[in-house]
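Read off the chains here:
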Amino acid sequence: MARVHACLECGEGTTRQREFCSAKCRSDWNNRRKQRGAELYDLYMAHRFDRANAQALRVFQAINRMASNFREEDKARRAGRQSWRSPRTVIEERPYLRSITTHVRIGRSGG
């Protein structure tokens, strides 16, 4: 008996071992992620690299509110199915995200 996989977008079962059942589902999934990602990107970069301004504007709270709104949209429009990929999958596809970078500061030792 063939194993059934659920499409990440519509949730319909497919015997194909793919994430999506059709090109339309793949396109819909990626378009939603692009739209949401662009908004989050701007806010997160400000949070990370323009900290004082981001804190004054409460950017991290805005990021969390956006995530909550995205989840509510998923519940209403996607029958509760999550709209994000597994963190394990993302990290496995991008090993550099696991790398540890250390910086050595060279300067006066103060002594």
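None of the values given here were measured: they were computed from a predicted structure.

Here the structure, examined in full by the defined rule, presents 9 salt bridges. Close ionic contact of Arg-36 with Asp-74 constitutes a salt bridge, the shortest N to O distance being 3.2 Å. Here Arg-36 is found in helix 1 (residues 23-49), whereas its partner Asp-74 is found in helix 3 (residues 59-77), with 38 residues between them in sequence. For Asp-74, a relative accessible area of 1% translates into the label buried. In this structure, Glu-93 engages Arg-85 in a salt bridge whose closest nitrogen and oxygen atoms are separated by 2.6 Å. On the basis of relative accessibility, which here comes to 18%, the residue Arg-85 falls in the buried class. Put simply, Glu-9, Arg-32, Arg-36, Glu-73, Asp-74 and Arg-78 are held in one network by salt bridges that share partners.

Below, the discussion takes up helix 1. If you check helix 1, its first and last C-alpha atoms are 37 Å apart, about what 27 residues at 1.5 Å a residue would give, namely 39 Å. Within helix 1, burial applies to Cys-25, Trp-29, Arg-32, Arg-36 and His-47. Lining the buried residues of helix 1 we find helix 2 (51-57) and helix 3.

The subject of this paragraph is the environment of Ala-79. Considering the arrangement of structural elements, one finds Ala-79 in the loop between helix 3 and helix 4 (87-93). Sequence separation between Ala-79 and Cys-10 is 69 residues, and the spatial gap between their C-alpha atoms is 9.0 Å.

Phi is positive for Arg-58, which is not a glycine, with a value near 60°. Inspection of the secondary structure puts Arg-58 in the loop between helix 2 and helix 3. On the basis of relative accessibility, which here comes to 55%, the residue Arg-58 falls in the exposed class. Within the chain, Ala-79 stands out as a residue other than glycine whose phi angle is a positive 55°. Look at Ala-79 and you get exposed, because its relative accessible area is 69%.

The next thing to look at is the state of the cysteines. All chains considered together, the criterion is met by 0 disulfides. Distance from the sulfur of Cys-21, which forms no disulfide, to the nearest cysteine sulfur (Cys-10) is 3.6 Å.

Conventions used here
- All chains use their own residue numbering, which begins from 1 and follows the written sequence.
- Reporting of local features is limited, given that this is a predicted model, to residues whose pLDDT is at least 70; pairs of side-chain atoms are given and counted only at 80 or more, and all residues count toward the totals for whole chains, interfaces and linings.
- For side-chain calculations, the full set of non-hydrogen atoms in the structure is used, while hydrogens and water are omitted.
- Any Lys or Arg side-chain nitrogen located within 4 Å of an Asp or Glu carboxyl oxygen qualifies as a salt bridge.
- The way it works is that DSSP assigns letters per residue, a run of H or I at least four long becomes a helix, a run of E at least two long becomes a strand, and they are numbered from the N terminus.
- Think of it in three bands: with a 1.4 Å probe and only protein chains considered, a residue is buried below 20% of the maximum accessible area for its type, exposed above 50%, and partly exposed in between.
- Expected helix span is taken as 1.5 Å per residue step, with the number of steps being one fewer than the number of residues.
- By definition in these notes, contact holds between two residues if any of their heavy atoms fall within 4.5 Å.
- Any cysteine sulfur atom paired with another within 2.5 Å is treated as part of a disulfide.

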